[in-house]
Amino acid sequence: MGLTAVIFLLVLASRHQPTAGVGHDPLLVVDDYEDGGIRLKCLSERLFSEAQLLWTDSRGDNITGTPLSADTGTAGVSSSIVLKAGSGNSMSCRILDKQLKTSTESSVAIADAFFPSTSPWLAAFVVILLLSIFLVLAAIYKIRNNNKEITRAQNARKQIEQDIDELKRKLDEQGRRFEKEFRKARSNAVNITLDQKCKHPNLCISDDKRRVKSSDKKETALKAMVVATEGFPDKKHYWEVEVGNQSQWELGVVSEKVRDVIMNNMGISPPVNGLFSLQYSQGKYILTGREDVSDCKQCSVVGVLLDVESSELSFYNVEEMSPLGSVVLEFTGKLYPFFSPDSSGKWLGVRPVKPQTYDPLPQGEEINE
């Protein structure tokens, strides 16, 4: 690109040892930017054979230029040089006439503002730019990782919520199933009365023959019991017992043989064979056979279902309408309910349950068994 239209040139022309009829001053041309400086051309009408061209810097030192023509026989004297910032910013072109021994000269001075230069802030700008790019890339990487972590956390949370919902659904279904079983068991309710003739001497029976308590508070072992008047040879029978907050008790059924032993020997402990029960002691429920019932909290009312046809004795937490456990029965003859309170002197009683017909759950709550 030409600079003659955009920069101001101060051209100084002078003649040394003037001679009449001698040619013109050399022509200085600002050509273009090149190699971090400005290329200057010096042109003259004189032939290489007649004249010599010299470049001189601001300090007066001669500088060798580059000839613009390879034909030194017919071409005019011409040369070029690259003027760089810091070299004095001025340059002179001198033409020496070899025959007439004369010289002509043209000079140019170029301000520093016209030289291509690198800003001192460029390096800092490049560093800041690279650092900014790095920070942006790091931020993008961090954001992507955070998004992945957030997505994983959201998926994990969603899975946990789904698991909780599924667990709630199963618990609700289980609760409805337990309620259905409990309602069916309660439809087999019967009246139970305690037999004054078949009890341990340390036990007292209420006048209505529905409650029993220990009269000897020194008694600690669960071996004092009272047997019910009613015996059941077949079918299903259900009754409920209020145990309150007694620290230990035992409920269940005994075979007819065990009942006869208790009636004839009221001062001794009943035999183990032919006795099927649920015992509560030291915060634990224990079924016949020393099997602990887990995940069951203390209850104040216990429901008992005797299914003679299925040879099974089941126990329920009446307040929660949930099962506590069941025992398989092995017996002959009738089975009689029995009750054994603790030695605190608190009453343990049979709670009346009105016989009722089993009512199915409301529509939409039936559970497939």
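Note that the structure is predicted; figures quoted are calculated from it, not measured.

Here is what the cut-offs are and how they apply
- Residues numbered from 1 in each chain as written.
- Predicted model: local features only at pLDDT ≥ 70, side-chain atom pairs only at ≥ 80, totals over all residues.
- Heavy atoms only, no water.
- Helix = DSSP H or I, 4+ residues; strand = E, 2+ residues; numbered from the N terminus.
- Areas by Shrake-Rupley, 256 points an atom, 1.4 Å probe, with all protein chains shown as cover.
- Buried < 20%, exposed > 50% of the residue type's maximum accessible area, 1.4 Å probe, protein only.
- Contact = heavy atoms within 4.5 Å.
- Pairing = 2+ DSSP bridges.
- Core = buried A, V, L, I, M, F, W, Y, C linked by side-chain atoms within 4.5 Å.
- Axes fitted to C-alpha atoms, helices over the stretch in contact; angles between N-to-C directions.
- pLDDT = per-residue confidence, 0-100.
- Phe/Tyr/Trp six-rings, centres within 6.5 Å; stacked < 30°, edge-to-face > 60°.
- Lys NZ or Arg CZ within 6 Å of the ring centre and 35° of its normal.
- Salt bridge = Lys/Arg side-chain N within 4 Å of Asp/Glu carboxyl O.
- Expected span 1.5 Å × (residues − 1).

Before going further, it helps to spend a moment on the overall build of the protein. For the protein, the count of helices and strands is two helices and 23 strands. Carbon and sulfur atoms make up 52% of the accessible area of the protein, which amounts to about 21,800 Å² in all.

The backbone of K209 sits at a positive phi, close to 60°, despite the residue not being glycine. Here K209 lies in the loop between β11 (203-205) and β12 (211-214). For K209, a relative accessible area of 43% corresponds to the partly exposed category. Unlike most non-glycine residues, M321 shows phi in positive territory, near 55°.

Let us look at the environment of T288. Positionally, T288 belongs in the loop between β17 (284-287) and β18 (291-293). Each C-alpha atom of the pair T288 and S326 lies 9.1 Å from the other, and the pair is 38 residues apart in sequence. For T288, the residues in contact, after removing those within four places along its chain, are L275, F276, S277 and V327.

A few words on the sheet that holds strand β2 (residues 27-34). Sheet architecture is open: four strands sit in the order β2-β3-β7-β6, paired in antiparallel fashion. Each edge of the open sheet is held by one strand with a lone partner, namely β2 and β6 (66-67). Bridge count for strand β3 (residues 37-47) against strand β7 (residues 76-84) is eight bridges, and the pairing is antiparallel. Bridging from a neighbouring strand, G37 pairs with K84 of β7.

To continue, consider the pairing of β7. Direction of pairing for β6 relative to β7: antiparallel, over a ladder of two bridges. Following the sheet pairing, T66 is matched in β7 by S80.

Residues W239, W249, V302, L306, L313, F315 and F339 are the most contacted members of the largest nonpolar core, which totals 34 residues. Contacts of L313, omitting those with residues within four sequence positions, involve G252, V253, F276, V304, L305, L306, G325, S326, V327 and L329. Among the nonpolar cores identified, the runner-up in size contains 17 residues, and L28, L83, V108 and I110 belong to it.

Moving on: the sheet that holds β11. Across the sheet, seven strands lie side by side as β11-β12-β23-β14-β19-β20-β21; this open sheet has antiparallel pairing. Strand pairing shows two members of the sheet lacking a second neighbour, β11 and β21 (322-328), which therefore form its edges. The mean inter-strand angle of the sheet, taken between neighbouring strand axes irrespective of direction, is 25°. In this sheet, strand β23 (residues 348-351) lies alongside β12 in antiparallel orientation, the contact comprising two bridges.

Okay, the confidence of the model for the protein next. The predicted model of the protein averages 81 in pLDDT, with 81% of residues at 70 or higher. Confidence over residues 1-22 falls short of pLDDT 50; this stretch has 48 contacts with residues more than four positions distant or in other chains. Long-range and interchain partners of residues 361-369, a stretch whose pLDDT sits below 50, account for 14 contacts in this model, where long-range means more than four residues apart.

Moving on, we get to the packing of aromatic side chains. Within the structure shown, the criterion is met by six aromatic pairs. Ring pairing ties together the aromatic residues F182, Y238 and Y316, which thus form one cluster. Positioned above the aromatic ring of W347 is the side chain of R211, whose terminal nitrogen or guanidinium carbon lies 4.6 Å from the ring centre. In this arrangement the basic side chain of R259 is found over the ring face of Y336, its NZ or CZ atom lying 4.5 Å from the centre.

So, about the pattern of salt bridges. Applying the stated rule across the entire model yields 14 salt bridges. For D61, the salt bridge is made with R59, and the minimal N-O distance between the two is 3.7 Å. Note on D61: relative accessible area 39%, which makes it partly exposed. A salt bridge links R186 to E240, with the shortest nitrogen-to-oxygen separation between them at 2.7 Å. Residue R186 is found in helix α1 (residues 121-186), and its partner E240 is found in strand β14 (residues 236-242); the two are separated by 54 residues along the sequence. The exposure class assigned to R186 is partly exposed, which follows from its relative accessible area of 24%. In this structure E240 comes out as buried when scored by relative accessible area, which is 0%.

Compared with an ideal rise of 1.5 Å per residue, which puts 66 residues at 98 Å, α1 spans 94 Å between its outermost C-alpha atoms and is within 8% of the ideal. Where α1 is concerned, the buried positions are F178, K180, F182 and A185. As for α1, its buried residues are in contact with β14, β19 (301-307), β20 (312-317) and β21.

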